[in-house]
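Architecture at a glance
Here's the letter readout for the chains.
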Amino acid sequence: MSHEHRGHGPHKVGHVKEVTSLANPIIKDIKALTNKKSREESGTFMAEGLKLVIDAIELGWTIRTLVYAKAAKGKPLVEQMAARTVASGGLVLEVSEKVISSITRRDNPQMVVGIFESRWKPLREIHPKQGETWIALDRVRDPGNLGTIIRTADAAGASGVILVGETTDPFSLETVRATMGSVFAVPVARATPEEFISWKKHAGVSVVATHLTGSVDYRTIDYKKRPVVILMGNEQSGLPEHLAKEADALARIPQQGRADSLNLAVASAVMLFEARRHLLSLDEAK
Ligand code: SAM
């Protein structure tokens, strides 16, 4: 995808480009953002819906392009976002419903779409403090799981998410949808397993890995002594030995019934809220 969006000359507030053709090259570039390669090359991604666009702009994310359907024209919040986009050097496109459906690949599309600059938290800048909880995910594959975990980390007051190894992209349309906007609120870092292990050795954290054969009941872990990094295994194969052996504790969520394991996002939620429960009682004791 080209970086031309910023180079369309100075935009006055109120300057809007109208597009009705699917063959328009800017629309083609935006549609290409469904591919990971295009997202990586352009350093941008797409978020659908006015609420997400407002959240992102309020949280300081850089918008490159705001796209809205003709039907949304004149709505005060849409106009405000358009003015903010232009003021920060971005482009505003007013498009037909056909164009916005094709961008989002939906029959009933959102009326507003934003193209934002991607943002990764560098691992070396993560210095967890007492009382913080982070969650690290080993080779997470499913975009719905990743989005749900980012959303849950946000809701549980966790400090951020670390993606370890080859994972699904947090900036894919499907993941962003599943985060319900939390992708803009929760820092996301990425690391190779080696980088993660070497970071862990210096970060002063306690890594609590979850494992179906873990020796410790997850409720008995001390989540308060040091900042905790909860480490979750891959959906299919679980946590590999080279990561499991680096953990300070291998925690198990005791189960009943016939299910072998919990879904990754569900297990993550159980862990994140257990950590929160321990930390909240610490606050209350103060
Ligand atoms: N077949 C995989 C295995 O053998 O580990 C199942 C992986 S499970 C779907 C995905 C991840 O969720 C696991 O690697 C673990 O981190 C976590 N998990 C799921 N159920 C768990 C449980 N009862 N106790 C601890 N961790 C669990």
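Not measured: the values here are computed from a predicted model. (Residues numbered from 1 in each chain as written. Predicted model: local features only at pLDDT ≥ 70, side-chain atom pairs only at ≥ 80, totals over all residues. Heavy atoms only, no water.)

Another point: unusual backbone geometry. One non-glycine residue, Arg 105, adopts positive backbone phi at about 55 degrees. Tracing the backbone through its elements, the reader meets Arg 105 in the loop between helix H5 (97-104) and strand E5 (112-117). The exposure class assigned to Arg 105 is exposed, which follows from its relative accessible area of 61%. Of note in this structure, Met 180 is not a glycine but carries a positive phi near 55 degrees. Looking at where Met 180 falls in the secondary structure, it is placed in the loop between helix H7 (173-179) and strand E8 (188-191). On the basis of relative accessible area, Met 180 is assigned to the partly exposed category, the value being 48%. (Helix = DSSP H or I, 4+ residues; strand = E, 2+ residues; numbered from the N terminus. Buried < 20%, exposed > 50% of the residue type's maximum accessible area, 1.4 Å probe, protein only.)

Turning our eyes to something else, we now look at the nonpolar core. With 29 residues, the main nonpolar core has Ile 135, Leu 137, Val 161, Ile 230, Met 232 and Met 271 as its most contacted residues. Listing elements by their share of this core, those giving two or more residues are strand E6 (133-138), helix H6 (143-155), strand E7 (160-164), strand E11 (228-232), strand E12 (249-252) and helix H10 (264-285). By residue number, the principal contributor to this core is H10, which donates six residues. Apart from residues lying up to four places away in sequence, Leu 137 is in contact with Leu 146, Ile 149, Val 161, Ile 162, Leu 163, Val 164, Thr 167, Met 232 and Ser 268. With 23 residues, the next largest nonpolar core counts Ala 47, Ile 57, Ala 82 and Phe 184 among its residues. (Core = buried A, V, L, I, M, F, W, Y, C linked by side-chain atoms within 4.5 Å. Contact = heavy atoms within 4.5 Å.)

Domain annotation for the protein chain reports domain 1 (16-117) and domain 2 (123-285). Between domain 1 and domain 2, the buried area comes to about 1200 Å², and carbon and sulfur atoms account for 63% of it. Linking domain 1 with domain 2 are two salt bridges. Of the charged contacts, one joins Arg 177 and Glu 48 as a salt bridge, the two residues approaching to 2.6 Å between their closest N and O atoms. If you look at where domain 1 meets domain 2, you find five residue pairs in polar contact (both at pLDDT 80 or more). If you list the elements that add at least two residues to the side of domain 1 that touches domain 2, you get helix H2 (36-42), strand E2 (44-48) and helix H3 (50-58). Tallying contributions element by element places E2 first for the side of domain 1 that touches domain 2, with four residues. (Domains from an automatic or database assignment. Buried area = accessible area lost by both parts, 1.4 Å probe. Salt bridge = Lys/Arg side-chain N within 4 Å of Asp/Glu carboxyl O. Polar contact = N/O pair within 3.5 Å; in protein donor to acceptor, adjacent residues only side chain to side chain.)

What follows is about the packing of aromatic side chains. Enumeration over the complete set of coordinates arrives at eight aromatic pairs. Through a chain of ring-to-ring contacts, the aromatic side chains of Phe 45, Trp 61, Phe 116, Trp 120, Phe 171 and Phe 184 assemble into a single cluster. In this structure, Arg 119 is placed above the aromatic ring of Trp 61, and the distance from its NZ or CZ to the ring centre is 4.5 Å. Here Arg 190 stacks its cationic end above the ring of Trp 120, 3.9 Å away from the centre of that ring. (Phe/Tyr/Trp six-rings, centres within 6.5 Å; stacked < 30°, edge-to-face > 60°. Lys NZ or Arg CZ within 6 Å of the ring centre and 35° of its normal.)

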